[in-house]
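# Structural features, examined
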Amino acid sequence: MTNSTTPLPRLYPGMNLGETDPDTHEAAEELVFGFWVFLMSDAVLFALLFAVYETMVNSTAGGPGAAQLFHLKPTLIETLVLLASSFTFGMASLIMKFKQHVVLLQIALIGTLILGVSFLGFEISDFAKLTRQGAVPQLSGFLSSFYVLVSTHFLHVLSGCIWILVMLIQLSVFGLDETVKTRLLRLGIFWHFLDIVWIFIFTFVYLLGLL
Amino acid sequence: MISNSYWNPWFGKLTLNAIPTDSLVAMGAASIAVLGAVGTIVLITVFGKWRYLWSEWATSVDHKRIGIMYVVLSLVMLSRAVIEAIVIRLQQAVSVNHSGFLAPEHFGQLFTTHGTIMIFFMIMPFLTGLINYVVPLQIGARDVAFPVLNSISLFLTAAGAFLIMASLVLAPFSTGGWTGYPPFTGIEFNPGVGVNYWIWSVSLASIGSTLTGINLIVTIYKKRAPGMRLMFMPLFTWTSLCVAIMMIFAMPPLTVATALLALDRYLGMHFFTSGAGGNMMNYINLFWEFGHPEVYIIVLPAFGVFSEVFATFSAKALYGYTSLIVATMAIAVLSFTVWVHHFFTMGQSANINAAFGIATMLIGIPTGVKIYDWMLTMYRGRVRFTSPLLWAIAFLVTFVIGGLTGILLSVPPIDFMVHNTTFLIAHFHNVIIPGSLFGMIAGYQYWFPKAFGYRLDERWGRIAFVCWTAGFYLAFMPLYVLGLKGMPRRSVETFQSSFEPWLLVAAVGSLLIAGGLISLGIQLYVSIRQRDRARVAAGDPWDGRNLEWSTSAPPPEYNFAVLPHIEGRYPFYQMKKLGHAYPQQKTYQPIKMPKNSGLGPTIGVASAALCFGLVWYIWWLAIVGTAVIIAAIIVRSFNRNTMRVISVEDIEHTEARWHAILAAAVPVSRDQENVPANVGLAEFMS
Ligand code: HEM
Ligand SMILES: [Cu+2]
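Summarised in this report is the structure supplied together with it.

Here is what the cut-offs are and how they apply
Residues numbered from 1 in each chain as written. Chains lettered and ligands numbered in written order. Predicted model: local features only at pLDDT ≥ 70, side-chain atom pairs only at ≥ 80, totals over all residues. Heavy atoms only, no water. Donors = N, O, S within 2.8 Å, 3.2 Å for Na, K, Ca; no water. Tetrahedral: all angles 85-135°; square planar, octahedral: opposite > 155°, others 65-115°. Helix = DSSP H or I, 4+ residues; strand = E, 2+ residues; numbered from the N terminus. Buried < 20%, exposed > 50% of the residue type's maximum accessible area, 1.4 Å probe, protein only. Patch = residues over 30% accessible without salt bridge, like charges linked within 9 Å, V, L, I, M, F, W, Y side chains within 5 Å. Areas by Shrake-Rupley, 256 points an atom, 1.4 Å probe, with all protein chains shown as cover. Salt bridge = Lys/Arg side-chain N within 4 Å of Asp/Glu carboxyl O. Near = heavy atom within 4 Å. Polar contact = N/O pair within 3.5 Å; in protein donor to acceptor, adjacent residues only side chain to side chain. Nonpolar A, V, L, I, M, F, W, Y, C, P; charged D, E, K, R; others polar. Contact = heavy atoms within 4.5 Å. Buried area = accessible area lost by both parts, 1.4 Å probe.

Quick look at the coordination of the iron atom of ligand 1 now. Residues and elements named next belong to chain B. Around the iron atom of ligand 1, the protein contributes the donor atoms His114 (NE2) and His429 (NE2), which lie 1.9 to 2.0 Å from the metal centre. Angles of 87 to 178° at the metal separate the six donor atoms of the iron atom of ligand 1, which places the site in the octahedral class. Separated by 315 residues along the polypeptide, histidine 114 in helix α4 (residues 104-138) and histidine 429 in helix α13 (residues 422-452) bring together distant segments of the chain. Here histidine 114 matches histidine 429 in class, with each residue buried.

As a further point, take a nonpolar patch on the surface. Residues and elements named next belong to chain A. A cluster of nonpolar side chains, namely Leu72, Leu76, Leu80, Leu83, Ile199 and Leu207, defines an oily patch on the protein surface of about 470 Å² accessible area. Contributing elements (two or more residues each) for the nonpolar patch: α3 (72-99) and α6 (178-210). For the nonpolar patch, the element with the highest residue contribution is α3, accounting for four residues. By secondary structure assignment, the location of isoleucine 199 is in helix α6.

Moving on: the site of ligand 1. Residue and element names in this part refer to chain B. For ligand 1, the set of nearby residues contains 23 residues, the closest of which are Arg89, His114, Trp178, His429 and Arg490. Histidine 429 is positioned such that a nitrogen or oxygen atom in its side chain is 2.8 Å from a nitrogen atom of ligand 1. Interatomic distance of 2.7 Å between a side-chain N/O atom of arginine 490 and an oxygen atom of ligand 1. At six residues, the largest contribution of residues to the shell around ligand 1 is made by α4. Grouping the amino acids of the shell around ligand 1 by side-chain chemistry returns 15 nonpolar, five polar and three charged.

In this assembly, 32 residues from chain B lie in contact with 36 residues from chain A. For the pair chain B and chain A, the summed buried surface comes to about 2800 Å²; carbon and sulfur atoms form 73% of the total. Contact with chain A buries area across many residues of chain B, yet B:Lys222, B:Phe638 and B:Arg640 alone supply 23% of it, more than any other trio. Where chain B meets chain A, there are three salt bridges. B:Arg640 is the salt-bridge partner of A:Asp177, the closest N and O atoms lying 2.4 Å from each other. Applying the counting rule to chain B against chain A returns ten residue pairs in polar contact (both at pLDDT 80 or more). Here the side of chain B that touches chain A takes eight residues from helix α7 (residues 235-267) of chain B, the largest share from any one element. For the side of chain B that touches chain A, the class distribution of residues is 20 nonpolar, eight polar and four charged.

As structure tokens, this is what we get:
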């Protein structure tokens, strides 16, 4: 047990629990580092999907291209929703670290969950609109790569939402114990990572597509 | 053949027609697969071993058990793939101006399964198994960082292997080669289920390896014993670290390639189709962004083994430790910069080809450094020609030949002449067999005494070595000639009488290799029979230098009763030199170890069901499999009771028994390592 006033070394990138919970701080080292490594492989996966997308932007096979299909307003709203969810998750992390208050933490997580689910809802309605226009993934190489890139992100957010749900239950069952904390630490990194990936999608797929 | 539109909600496209009754050879293989499976089940039942297998092996999360299971899986798959190789060789030998005994479709499946198995289900599990077993011991750790994840990786790989075995009985497998290039493997040209088998078995292996990579990186970075700096780590651990990092970067391209191919096939998308904006070059780039690093993923662990073996059996520290590490790292980095050399002929500009050709040649430099380091390690050493060293020496010579033909191939104009011929087949077997498989066999023979507590029979080890080496030269040198004469690879039939003698020699060589494989089997059998005369329970049969040799053989579950403090390279050698190799501890602390977990096997079975369902379009099975995987993970996350404690009494008891063996052991000199007097205690010399 370390005296809570001596500063502890940072053990990994991102929010460390540090002096607020020295034991969990140490226990988190391997787990969070491992999660960063996993995200590395996930980042490679997204990078490749981006690369495939970029090579296929013009492979519209006579069908509609980015400029005809995308609209700035709904995607901007999606983006803001997802960014807001990152903010609420940031609050959740700070509550976990400094307040250690289960109910407040749950409120922040429920807020994140609601935002996350709304994001998914917006995307589904986006896809539905495209489908109604006949722009289905089977139409062209461009649309295949667009759908797969965006829905891979979608599936990630969906798993993030399920993960939040599970953590909400675990918070009620176990309280804020070491395991729950280290899991929330990793969930937080995951959530922000998905935000960053979305920013790339927003920029390279939507903004550049509409340019 | 069934019509493509046939589909039944319960069995998807699966019908009794899937059993390959139309070919004698295929029926034989199917019968062997069924008999093997049934026989194993009957034997386990007769001996009442189900509970033992479940609680001691399947659910075990001990890195040592998982390592052993990986190697067992790999040896089973090696046997199948070698048999397939022989069938290919026999077919080609008898099919000059003649159709031979195999139908083209069947021949296509054979080279596809041979290649796929050898890469994904033989060499990958083999090296993963060795790394799993050895690395935690070498770095003074009690387990890997994520033991349950480790078990999941194992069972994902096993599920992939199961699919390939199932395809023998419920045929067919893909005919698209181990590379599975579209558009040939697209739904338009390959509407059957064969390619599905290939996609899902490879995807399972790929995901399993990604998880292994994550696990190993964290293990090596975070779980080293106190004082073990990176530059103190044994070479095998170093190569494992490089390989783990490479897995993180190289496996995702494969996953993406197979996933997109699956989307093309199942959902009618247009990633790699020849119309509607599809671009098959994307597949080829993705595949080789995995494929080239992959060849170094499979070769670097063997380099690690050889580094250990040369040092140990020359009784010397490695020559050029640092340069070996730098060379390993250089190879790892360069291996991501050369993938285009696999398709020089596919239309990019001459300048691009030149750049990738030069990058390829550069890899020869660090590899050359290594070769010299190993030779200089032997120079003036006290060399003993025990089996592992024999493989290492055969590697040294043979690998250089393979490397030189690789340099030839890296010159685009030469590649244009010989690409897609058996010259290429000769080249890559010439590097893979000595460079990777021999390394794995050497590692298996080197660490076997550690894992099981007795040495392998030396005589049969030598016989196996002679058969494999001679067989290799006979089987593959003719292919260089045939390639230069223009024989295309993957030919079911050829029309040049002058090919025939070379093909006959190659066939004989492959039979000799089969003899080598059988000798390895006999060696294991004989060694088990005579194990009482070869026990090395004290733990150090070869006068080893690294930490894995400082434990009993086999090591206790917790590896180290007290974590060692490391002060330099070759820690066990240092301890022996200072005369305190086996310190008696006065007090022990209880040790926390992870409990067994059924999560790995559950996910393995569920993902096999998921993928089998996908192969045959049995949707309900796929959905059930997916649901079970998700549910199992969530249920597991609520389990708070995942650790157990090994009590001080248990540790004292285990340690006392080992120290009694040590006290009774008579040290032997290095020259006596293959006689019964060697009970695993080495006499200290220099
Ligand atoms: C043990 C002795 C082996 C023999 C006799 C053997 C023989 C063969 C033969 C005859 C072929 C087909 C050549 C052709 O297309 O004309 C082949 C292909 C191949 N082998 Fe082996 N092989 C052996 C070991 C290995 C090992 C250890 C590996 C890898 C670890 C390996 C990987 C491959 C691959 C990737 C292919 C290409 C398959 C394809 O065309 O898609 N082989 N081998
Ligand atoms: Cu290559």
